[in-house]
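Topology and contacts: notes
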Protein chains: 2
Amino acid sequence: MRAPGEWDDIEISRAQTPKPVDQLAQEIGLLQEETEAYGRTKAKVRLSLLDRLREQPDGKYVLVAGITPTPLGEGKSTVVIGLVQALSAHLKLNSFACLRQPSQGPTFGVKGGAAGGGYAQVIPMEEFNLHLTGDIHAITAANNLVAAAIDARMLHEATQTDKALYSRLVPSVNGDRRFSPIQIARLRRLGISEIDPSALTPQEVSSFVRLDLDPAKVTWQRVVDTNDRFLRKITVGQASTEKGHVRETQFDIAVASEIMAILALADGLGDMKTRLGRMVVGSSRSGQPVTAEDLGVSGALAVLMKDAIKPTLMQTLEGSPVFVHAGPFANIAHGNSSVLADKLALKLVGEDGFVVTEAGFGADIGMEKFFNIKCRASGLRPNIVVLVATVRALKMHGGGPNVSAGSPLPREYIDENLSLVAKGCSSNLRKQIQIAHLFGVPVVVALNVFKTDTQAEINLVCQMAKESGASDAVPCHHWALGGRGSVELAQAVKQASSQPSHFQFLYSQEKIRMIAQKVYGADDIELSPEAKAKIDYYNQQGYGKLPICMAKTHLSLSHLPEKKGTPTGFTLPIRDIRASIGAGFIYPLVGTMSTMPGLPTRPCFYDIDLDPVTEEITGLF
Amino acid sequence: MRAPGEWDDIEISRAQTPKPVDQLAQEIGLLQEETEAYGRTKAKVRLSLLDRLREQPDGKYVLVAGITPTPLGEGKSTVVIGLVQALSAHLKLNSFACLRQPSQGPTFGVKGGAAGGGYAQVIPMEEFNLHLTGDIHAITAANNLVAAAIDARMLHEATQTDKALYSRLVPSVNGDRRFSPIQIARLRRLGISEIDPSALTPQEVSSFVRLDLDPAKVTWQRVVDTNDRFLRKITVGQASTEKGHVRETQFDIAVASEIMAILALADGLGDMKTRLGRMVVGSSRSGQPVTAEDLGVSGALAVLMKDAIKPTLMQTLEGSPVFVHAGPFANIAHGNSSVLADKLALKLVGEDGFVVTEAGFGADIGMEKFFNIKCRASGLRPNIVVLVATVRALKMHGGGPNVSAGSPLPREYIDENLSLVAKGCSSNLRKQIQIAHLFGVPVVVALNVFKTDTQAEINLVCQMAKESGASDAVPCHHWALGGRGSVELAQAVKQASSQPSHFQFLYSQEKIRMIAQKVYGADDIELSPEAKAKIDYYNQQGYGKLPICMAKTHLSLSHLPEKKGTPTGFTLPIRDIRASIGAGFIYPLVGTMSTMPGLPTRPCFYDIDLDPVTEEITGLF
């Protein structure tokens, strides 16, 4: 028999049979009518639970963030899982992990699956990594229905008279002609109180039937959950049936859809529906914002999203509960798990329990968005930040050679090198701790130990982390040992979370500059003319008070992926600005950041296979 | 209280609480381990059932097809459901309905939901009409992964040397360099027996790494399950990161994907995987076909489709079992439910039972494809065809005025008009009966009765149907009465299915012309130069023996939607020809038939809404 660490992730995953999800649900206190099974190992949890547990005090709220990662990732999800396993099984505290649903882009592209690894996994990993319970597919369908509605509407308005449009939009059905509720809502926004279709003036009819969208000012994009770089810029409408109404546009990766952000930030079905309705898809030729509700599509969107809003219950390898909800990509989206999953979990664990939720990538982006966007929306306040570091990433920030997927690791990363580690600690690690402290929240550093790390390296990281202001810093061995390897972290987290936290938001105005300077360490920002014009327009539309969701590389504190450590002396370029009015944030695009990843020459899919007899899947890790 | 027929479809649907799906599964003889619940009212059924029931004799196999419909549809799905309800509850025979999963294109576009109506519905209709168990989403994801792989591969080949491509495609991992199984399969196809990567000659390396796809000869399209007409013709690759490799292409509606056809025609996981691997995506500059397996993506496709291959179990309003599997659009796809659903159902009902499966649209397309494509693939032989007619559609074929969605029906369709009915019977109804007889299968005509139909009209249709060769012809009242309204049909079907059936395929060669002349009644076909060139190429590639899947309008026997009745004196234009080598058919595009529908001025989505408090959905019917 092999020792721990000598088994493949997939072998470990298969060796453990997950308990039936209805048993798991019962263990954590769910009533039978509060779950909807999807197969034997996943269940959606109904939001009625929040009503039932309204009076229950919340548990402690732990955010797991990271230092700036290498392109290989530093195992943040495994830390979350290991910590919850340790809290549950070893400290006997109710606890819950809140993770995000993986995107199929990375799963079939560069990164592979995202179920954790070693003895800190969500199982079954293939259920986690593939369609899950269909949330991202529902988002894709809803997003693209809006897009189809926009282009079809522009065509119909361009080719029909007011009268023809009106007779089609408000048809006579068996002699009865009336506005639908969604049309009455539009009349209200136009200041028209009349609800008899035959009584509108020609001017009122015209303003009702014409959204008058400016094709050059449509901001809504189509999405796919695939790394399809050829869709980054496209021209649509080139068939003769579209009568010359061609237009340049693009596809984004599905998890960057505003509808994903709404799923993550909504606090219930009603709130989600309201947010979907007020999504701004572009502006009219006279400069007025046009919303999904103006298109008449917001009810249909709510219907498409009715199941996606329920978090999915799964389990770790050691049987601890996990909510999987909302999506990744904290670089090009807000990239946090959902407000609803966190709220449900906080009620389920109760006053003495712990909810461990993950923010994507480095603390400069995932954590910053968690605080400034997610906590603003939820009203929840974190007790503590766990900041994940690895010796590998610290060496890179200390000046080690380039690390890239598919290439062998240079020797510096395999042999002991205290000098590189020290330089990495005093630059990137220190800076990320300081960023958490900007928000007034205590930090515990979790060093995710690899087998090539030496004891001297481990000691050095823990010592320097504490010198940089961390409440505590401990090594974690969950990959090799599961929850048992994270007991020290669990104790440190329990200890630190009894300290007072003095949470504060970072900004109320000058928001983009504030994030750039205080969080990223930039000297200043530089707005492109396009970005400037957008800011003026959004301010004029009254969106000036919304928080900010920066689309920035996760591979550096700056906008330049190759700048490791703590870059200084740079100006952050803002290329363009989008507005996600339904989600409730402004979305600056930093530098050359793309909202659609590409496939490498040898994508992960080469190694993914299914045995048609055993039905076993290979290559998803 | 209102009489039957005075309740809305949605009220009827809500008034009936579906039995728990595990209870339904138990009633029809499924073991607990053979189902995977998706919520409380849907379950996927595992294919292991086929092994367990291998020795069980099949039940009777009934195909429901129709005359050429009006754009409103003639209620074929309701006939299927009513018939199964009558067979089950009133004739006490095991029976099963096999329906297709609706596409979100029509659901949010013109047609609305597809769960049947009145007292012949699948419930809950919102589960049926929305994401179901995610099969179409899985198809979309798989289809678009292939598309992304094609364009990325062409870019990588255009911008890298053989050596660079080879070192990336076959990387050294910890000093170990080897081909993956899918790469070894490609080497075999290239006639290279060497499996040591370092031993290939430069010429062998070059032929291994270069698929050399001709961008002008890529036949694979992207898909979305949305009516998005602006994607009918697009240009991709216009971002600077794609270095000028722009290309014209298009999106189709998702159910027209070859992967949907494979799902419908595969007889198991192994067969599906083989078919996915041999899908031809285009040809190389030297004219060789390039497959999904050449792209290295076929294992990943099988993984994405591993759950979709299991049919979904639901129930009718009266609790009879229904399999929902594969997709609609018998005009632009093959549009039949799956071979696997039918096979599972035939085993489950047993020797004396009945399986009623539906072919889309008129018998000239849905039924023709059922016989020539689906029965060829499955080896199953139908006992009887039920041909659905309505007085409304017959009047249209008899010369009645235009019928269109959203416009009030002209008086001819509301008042008795025996002359129009008679003309419709002697043209379209007679022709569709004759088409079924071409295949040697007996026909029972089911007249789907509307409340405006008079007794004289009903009698006339039944009499003329029998004069035209139908074994029987009966009126059905399932919409108003449920199974009780279809007892007469059930008895006729039971009676007719005891007659001998002399099933034969229509063609073995000259296939397109044979369908055009024998089925549609065309004088001849006319191939465009493009179609001619494709036929030559496909013959040369050895695809000449594959059956044919015509993409033709469903609104006429001819290629011209306005030609009703039995058009004659026309030549059928074949605009282009595609090949679905994995699915196993050749796919001629007839006339101006589009593979992407559009949205009307007032799409269905205007009326679709969700009450966030009660969670009730409106507008899906």
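Think of each chain on its own: its residues are numbered from 1, step by step along the sequence as written. Here the convention is simple: chains get letters from A, ligands get numbers from 1, in the order in which they are written. Per-residue local features are limited, in this predicted model, to residues with pLDDT of at least 70; the limit for side-chain atom pairs, both in listing and counting, is 80 or more; totals at the level of whole chains, interfaces and linings are taken over all residues. Each side-chain value is worked out from all heavy atoms of the structure, with water and hydrogens disregarded.

**Thoughts on the sheet that holds strand β23 (residues 571-580) of chain A**
All names here are of chain A. Spatial strand order, β22-β23-β24: three strands in an open sheet with mixed pairing. Pairing within the sheet leaves two strands with one partner each, and these edge strands are β22 (524-527) and β24 (585-590). Across the sheet, the mean angle separating the axes of adjacent strands is 50 degrees when strand polarity is ignored. Each pair of strands is called paired provided DSSP finds at least two bridges between the two strands. The way it works is that DSSP assigns letters per residue, a run of H or I at least four long becomes a helix, a run of E at least two long becomes a strand, and they are numbered from the N terminus. Strand direction decides the pairing type here: β22 and β23, joined by four bridges, are parallel. A fitted line through C-alpha atoms represents every axis, and for helices the fit uses only the stretch in contact; the resulting angles, taken between N-to-C directions, go from 0 to 180 degrees.

**A few points about the nonpolar core**
Residue types Ala, Val, Leu, Ile, Met, Phe, Trp, Tyr and Cys, when buried and joined through side-chain atoms within 4.5 Å, form a set referred to as a nonpolar core. For every residue, the accessible area (1.4 Å probe, protein chains only) is compared with the maximum for its type, and the residue is labelled buried under 20%, exposed over 50%, or partly exposed between those bounds. If you look at the biggest cluster of nonpolar residues, it comprises 183 residues, and the most contacted ones within it are M305, L313, F323, L429, V445 and L572 of chain A. Broken down by element, this core gets its largest block of residues, 13 residues, from helix α7 (residues 135-159) of chain A. Of all hydrophobic cores here, the second largest spans 167 residues; its members include M279, L380, V421 and I515 of chain B.

**Considerations on the environment of P561 of chain B**
All names here are of chain B. Assignment of secondary structure puts P561 in the loop between α22 (529-540) and β23 (571-580). Accessibility expressed as a relative area gives 33% for P561, which makes it partly exposed. Residues P561 and S594, 33 residues apart in the sequence, show an inter-C-alpha distance of 13 Å.

**Considering the sheet that holds strand β9 (residues 213-218) of chain A**
All names here are of chain A. Read from one edge to the other, the open sheet built from three strands follows the order β9-β14-β15, with strand pairing classed as antiparallel. Two strands in the sheet have a free side with no partner beyond their single neighbour: β9 and β15 (289-291). Averaged over neighbouring strand pairs, the angle between their axes works out to 50 degrees when direction is ignored. Relative to β15, strand β14 (residues 280-284) runs antiparallel, the two being bridged by three bridges. Considered in β15, the bridge of V280 is made with T291.

**Overview of the interface of chain B and chain A**
At the junction of the two partners, chain B supplies 84 residues and chain A supplies 84 residues. Note on definitions: buried area is the accessible-area loss of two parts on being combined, 1.4 Å probe, summed for both. When chain B packs against chain A, close to 7,400 Å² is buried across both sides, 62% of that on carbon and sulfur atoms. Summed over the three residues of chain B that lose the most area to chain A, namely F230, T601 and Y606 of chain B, the buried surface amounts to 11% of that side. Take a side-chain nitrogen of Lys or Arg and a carboxyl oxygen of Asp or Glu: if they are within 4 Å of each other, that pair is a salt bridge. At the junction of chain B and chain A, the tally comes to ten salt bridges. The partner of E242 of chain B in a salt bridge is R232 of chain A, with the nearest N and O atoms 3.3 Å apart. The term polar contact refers here to a pair of N or O atoms within 3.5 Å; inside protein, the definition further demands a hydrogen-donor-capable atom paired with an acceptor-capable atom, and it admits residues adjacent in sequence only when both atoms are side-chain atoms. Scanning the region where chain B abuts chain A turns up 37 residue pairs in polar contact (both at pLDDT 80 or more). Here the side of chain B that touches chain A gets twelve residues from one element, more than from any other, and that element is helix α7 (residues 135-159) of chain B. Looking at the side of chain B that touches chain A residue by residue, the class counts come to 37 nonpolar, 22 polar and 25 charged. By definition in these notes, contact holds between two residues if any of their heavy atoms fall within 4.5 Å. Think of it as three bins: nonpolar holds Ala, Val, Leu, Ile, Met, Phe, Trp, Tyr, Cys and Pro, charged holds Asp, Glu, Lys and Arg, and polar takes everything else, Gly as well.

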